[in-house]
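Spelled out, the chains give:
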Amino acid sequence: MFGLLNYVGLVKNSKNREAALAYIDQTLSDEAIGPLVEFFRYSPVTKISVSDAVARDLVFKGDTLDGFKKVDWEKVAKSRSLWSEEFNKAMR
């Protein structure tokens, strides 16, 4: 199974670097991720504790995060045009 992630990052030459870094830390905190896991049943990318009821609904959690395959973004970038063309042909 591939794990696709939402990304948050610092903008180059940010005027508010420290505030941006604090925001990133907050978005990665258990307090921010926990409610998303509980409500949407998103598999967490951190090793937070979840209830047994929630854990039953998750694809991966905790130590099983090692089962995710990382996306080879260089391969995706090189193949994107071809894949988009093939997708568009198939959808016509």
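As a starting point, this report considers the structure included with it. Keep in mind that what you see is a predicted model, and the values were worked out from it rather than measured.

1. A closer look at the nonpolar core
Counting residues in each nonpolar core, the largest one holds 6 residues, listed as I33, V37, I48, V50, V54 and L58. Discounting residues that sit within four places of it in the chain, L58 has contacts with V37, R41, Y42, S43, P44 and V50.

2. As for the environment of V54
As for its position among the elements, V54 is in helix α3 (residues 52-57). Classification of V54 by relative accessible area gives buried; the value is 1%. Separated by 13 residues in sequence, V54 and R41 have C-alpha atoms that sit 6.8 Å apart. Among residues more than four places away in sequence, those in contact with V54 are V37, E38 and R41.

3. Observations regarding unusual backbone geometry
A positive phi is found at N13, a non-glycine position, where the angle reads about 60°. With respect to the helices and strands, N13 occurs in the segment before α1 (17-27). N13 sits in the exposed class, given a relative accessible area of 70%.

4. Considering the environment of Y7
Along the polypeptide, Y7 turns up in the segment before α1. Separated by 17 residues in sequence, Y7 and I24 have C-alpha atoms that sit 9.8 Å apart.

5. Here's the deal with the pattern of salt bridges
A side chain of one charge can pair with a side chain of the opposite charge if their charged atoms are brought near each other. Here the structure, examined in full by the defined rule, presents 2 salt bridges. A salt bridge links R41 to D57; the shortest N-O distance between them is 2.8 Å. Of the two residues, R41 is situated in the loop between α2 (30-40) and α3 and D57 in helix α3; the sequence distance between them amounts to 16 residues. Judged by relative accessible area, D57 falls into the partly exposed class, the value being 44%. Taking the shortest distance from any N to any O, the salt bridge between K89 and E85 comes out at 3.4 Å. Placement of both K89 and E85 in helix α4 (residues 73-91) is noted, with a separation of 4 residues, approximately one turn of the helix. By relative accessible area, which is 53% here, K89 ends up exposed. Looking at E85, the relative accessible area reads 44%, which means it is partly exposed.

Reading guide: rules and limits
Residues numbered from 1 in each chain as written. Predicted model: local features only at pLDDT ≥ 70, side-chain atom pairs only at ≥ 80, totals over all residues. Heavy atoms only, no water. Core = buried A, V, L, I, M, F, W, Y, C linked by side-chain atoms within 4.5 Å. Buried < 20%, exposed > 50% of the residue type's maximum accessible area, 1.4 Å probe, protein only. Contact = heavy atoms within 4.5 Å. Helix = DSSP H or I, 4+ residues; strand = E, 2+ residues; numbered from the N terminus. Salt bridge = Lys/Arg side-chain N within 4 Å of Asp/Glu carboxyl O.

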